[in-house]
Every structure is written in C-alpha cells, then in structure tokens.
Amino acid sequence: MKKGRGRTSRIRRRKLSKSFESRGVNESYKPEFIQLRKWLKDRKFEDTNLIPASFPGTGRGLMSKTSLREGQVIISLPESCLLTTDTVIRSYLGAYVAKWRPPLSPLLALCTFLVAEKHAGDRSPWKPYLEILPKAYTCPVCLEPEVVNLLPQPLKAKAREQRIRVQEFFTSSRDFFSSLQPLFSEAVEGIFSYSALLWAWCTVNTRAVYVKRGQRQCFSAEPDTCALAPYLDLLNHSPGVQVKAAFNEETRCYEIRTGSSCRRHEEVFICYGPHDNQRLLLEYGFVAARNPHACVYVSQDILVKYLPSTDKQMNKKISILKDHDFIENLTFGWDGPSWRLLTTLKLLCLEAEEFPQSWPHLPTEPRFPVGLRVQMGMTCMWKKTSL
Ligand SMILES: C[S@@+](CC[C@H](N)C(=O)[O-])C[C@H]1O[C@@H](n2cnc3c(N)ncnc32)[C@H](O)[C@@H]1O
C-alpha cells in the first residue's frame, strides 16, 4: 500500500484538519492587547498560560500557550484588577452615589461608571480595558424591533420584555444622571444617553463574574454580585466543560481552575451555566452548537391549538396553570418533554369527570439536590444581573 493511504494516516489527517479548523489566530500582538497586558502587569497580574486569539467558531477568546492539566489554575486575577461597586464608591462618582435617595442599585452604579469612564477616553485609568470591550452587542435587546419580530414566539416575547425593562432602567435613572452635571462640561443628556446605558448594561450582563459583596447603605437591596474581570472575561462559553471559579479570600484573587485538560493552542472555555440556547441568546447574544441543554419552548397557543376545541373546561384549566405559574417554560429537550410540560399536558387532557377533583393542587417540580448539581458540572460561575 502506498505511504499515507492507510487507516492510521487517514485518522491522523482527520485529526490534523479538525485541529486546524478550530485553531485560533493569535491576537496578542495587537496594540490594544499589549496595552491591556501592561495595565494588568502594573496591577500585579502574573503572566498567564493564555493568549487572546480569534477562533473560527466562537470569535475572540483565549487560547492555551501550553497544555493544561486538569485542576490547574489557569488564571488568577488580583482584586486590584476587578471593577466592582467598590471601584465606583472610591471614584469621583462615590459622593454622588452615596447621597442619592432612594439608594442606587449596584447595577446602575456599575453602568454609570462604565459610561463616565468611556466618555473620559484617554483620561480614564481604565482605558486599556475599555478599549477591548465590544463596541456593540448582539443580544436581542440591541436588535431593531423588526428583527426581534422574526424570532420564534416565546423568545420574541422575552426579548420585548427585556427591552422594556432596560428602557425603564434608563428612564428611572435620568434624575440621577442629571445630578452628575457638576462633574462634566458637556450636557449629561448627551453622555448618559439610552445607547450609552444600553452598551454599559450589555457589558455587565454579558461579561461580569459573580463576586458577592455585603449590602451597603448607599445601595438598594438588590444583590451586589457583579464584578468586571478584565482579560478573564475573554473566556468563551462551552456547555461541556467544567471549571471552578471563585474569588479566593486568601490570595485576594479571582481564580479559574480547569475541570479537564486542554491541549496546547486550543481554545480554553468556561461554562457560564447550564443554559439552553434561548437563555444564551437573550443574556449573551449567541447560541451554542451541540448544547446538551438545548430545548424547544412550547407556547400556550401551540398547546391549545392541538387540544380538543370542544373542551368546556379549557379556560378553567388554563387559569389554574397560570395561577401556578405553569404556563411558561414548557419545553422539549433531548430527553423528550420536560416534567413541567408533561404535568401541564396531563391537566389539559383531563376528562370532565376527572376535573377538578383530582387537581386540588398542582404537584411541585422535583429538584436535584445541590450536591448532585455540582457533581453534574452545573456550578454556575457566571453572574446574573437583577434588572
Ligand atoms: C465573557 S465574553 C467572552 C469574550 C468575547 N468573545 C469577547 O470577544 O470579548 C461573552 C461573550 O462572548 C461571546 N461568546 C461566548 N461564548 C461563545 C460561544 N461559545 N460562541 C460564540 N460566542 C460566544 C458572546 O458574544 C458573549 O456575549
């Protein structure tokens, strides 16, 4: 047999082309990343095993310089690099935040800081970080209404709700923005515009990590759990990986430890949580290929459409489901219908004589014990904002 025609050669070629397809293009030579590394070094960030790169499937992310062992700390970001509400309080905005009543939410404090620092441009000490942040986001909240209209039904409704919430967030923050006028020579309306706040909101929502801080009087009661983590926030999501990520109180660093090994020059992923593609699109503006949590949402309209129209109890049944918050989040996953969908269908298919006696209460959804969730790799390291 000719050299290179055998099974081993074919496997080797396939492996090579696969690794070539997923190979990233090094971006660490770019001026913005050189500046960022210098900035991080000044804040005591040790050189890492990771470098910024662009990947064919996932876009910009981090690539391993060397092979990584399971359990290895891959990134350890000192507290001084984190952007938190403490950063805001210590800044020129601190006095304005502290005296504002009713107290500001931690999220608004972070967003205000981001907008103000972006506006400061070259004068901002955070410039090297701000320079690598996306200029625009792909989350549905940023899409034109005509584009949102093309989304499938449950997602469309959620995208609209999200847009309304962000618009309300802006409207309710305007008086606070006006109070900042003494800090700026330009009109605050031009600086803290809707588009500027939307950019800041998406920055926090898509990139912040979870770092819990105690409640402080100068902030409202909403949880203060978001921190922006420069460089570390270049890590993309893969539903299949396991990582341990948390703020280490001893080292005072935010650390990420791999749950599995990774070969040299491969993209290094973390897991933002066990999210289905609808949630990933809504919160992060992308969908994941081969997502084990992917599912199809079944709306009320679809349910009713395929059930007998002669059922006189239908309205009553729907109202029970609504009262028990059962009409939303009904899904088909890889394993078939979810427990919620099955329970809903059971109720909707009851004959007149079985209803309502057998349904005084809807059953409670079974839950995995927390220990099991962790074993299954469902530890959610990425934050969630509370809007
Ligand atoms: C924490 S940032 C990760 C770094 C980001 N790719 C960048 O260039 O700054 C999260 C954003 O990265 C993108 N992203 C993360 N994981 C992805 C994936 N598996 N596929 C495509 N885009 C992804 C999404 O735009 C998401 O909102």
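Everything that follows concerns the structure shown earlier in this document.
Conventions used here
- Residues numbered from 1 in each chain as written.
- Predicted model: local features only at pLDDT ≥ 70, side-chain atom pairs only at ≥ 80, totals over all residues.
- Heavy atoms only, no water.
- Helix = DSSP H or I, 4+ residues; strand = E, 2+ residues; numbered from the N terminus.
- Buried < 20%, exposed > 50% of the residue type's maximum accessible area, 1.4 Å probe, protein only.
- Contact = heavy atoms within 4.5 Å.
- Polar contact = N/O pair within 3.5 Å; in protein donor to acceptor, adjacent residues only side chain to side chain.
- Pairing = 2+ DSSP bridges.
- Axes fitted to C-alpha atoms, helices over the stretch in contact; angles between N-to-C directions.
- Salt bridge = Lys/Arg side-chain N within 4 Å of Asp/Glu carboxyl O.
- Parallel < 35°, antiparallel > 145°, perpendicular 65-115°, else oblique.
- Left-handed = near helix turned anticlockwise from the far one by under 90°.
- Nonpolar A, V, L, I, M, F, W, Y, C, P; charged D, E, K, R; others polar.

Secondary structure summary: the protein contains 15 helices and 13 strands in total. Residue burial in the protein is summarised as follows: out of 387 residues, 45% are buried. Counting only contacts in the protein whose residues sit at least 6 apart along the sequence, the fraction spanning at least 24 positions is 71%.

It is worth spelling out the environment of Gln181 at this point. As for its position among the elements, Gln181 is in the loop between α8 (153-179) and α9 (188-191). Using a relative accessible area of 28% as the deciding quantity, one classes Gln181 as partly exposed. Beyond its immediate stretch of four places on either side in the chain, Gln181 contacts Glu186, Ala187 and Val188. Among the polar contacts listed, one links the side chain of Gln181 to the backbone oxygen of Glu186, at a separation of 2.9 Å.

Judged by pairing direction, the sheet is antiparallel, and its 3 strands sit side by side in the order β11-β12-β13 without closing on themselves. What marks the edges here is a single partner per strand, and that holds for β11 (296-297) and β13 (336-337).

The peptide bond linking Arg101 to Pro102 adopts the cis configuration, its omega dihedral lying at -10°. Inspection of the secondary structure assignment puts Pro102 in the loop between α4 (94-99) and α5 (106-120). Its identity as a non-glycine residue notwithstanding, Asp325 has a phi of 60°, on the positive side. Following the sequence through the fold, Asp325 ends up in the loop between α13 (314-323) and β12 (331-333).

It is worth spelling out the side chain of Arg213 at this point. Within the fold, Arg213 resides in strand β5 (residues 209-213). On the basis of relative accessible area, Arg213 is assigned to the buried category, the value being 16%. Among the polar contacts made by the side chain of Arg213, one reaches the side chain of Asp86 at a distance of 2.8 Å.

With that settled, consider the sheet that holds strand β4 (residues 73-78). Judged by pairing direction, the sheet is antiparallel, and its 3 strands sit side by side in the order β4-β9-β8 without closing on themselves. With one partner strand each, in any of the chains shown, β4 and β8 (243-248) form the two edges of the open sheet. The average angle at which neighbouring strand axes cross in this sheet is 10°, direction not considered. In the sheet, β8 pairs with strand β9 (residues 253-258) via 6 bridges, with the strands oriented antiparallel. Along β9, the bridge assignment pairs Ala245 with Ile256.

This paragraph deals with the pattern of salt bridges. Enumeration according to the criterion identifies 11 salt bridges in this entry. Among the ionic pairs, Asp86 bridges to Arg213, the shortest N-O distance being 2.8 Å. On the criterion of sequence distance, the pair formed by Asp86 in helix α3 (residues 85-90) and Arg213 in strand β5 is long-range, its members being 127 residues apart. The shortest N-O distance in the salt bridge between Asp224 and Arg216 comes to 2.6 Å. In this structure Arg216 comes out as partly exposed when scored by relative accessible area, which is 24%. The network of salt bridges with shared partners includes Asp86, Arg213, Arg216 and Asp224.

Take the packing of α13 against helix α14 (residues 339-348) next. For the pair α13 and α14, interaxial distance at closest approach is 10 Å and the crossing angle is 150°. On the basis of the axis angle, α13 is roughly antiparallel to α14. For the pair α13 and α14, the sense of crossing is right-handed. Taking contact as the criterion, the partners of Met314, Lys317, Ile318 and Leu321 in α13 are, on α14, Thr344, Leu347 and Leu348. Its residues assigned to classes, the contact of α13 with α14 shows 5 nonpolar, 1 polar and 1 charged.

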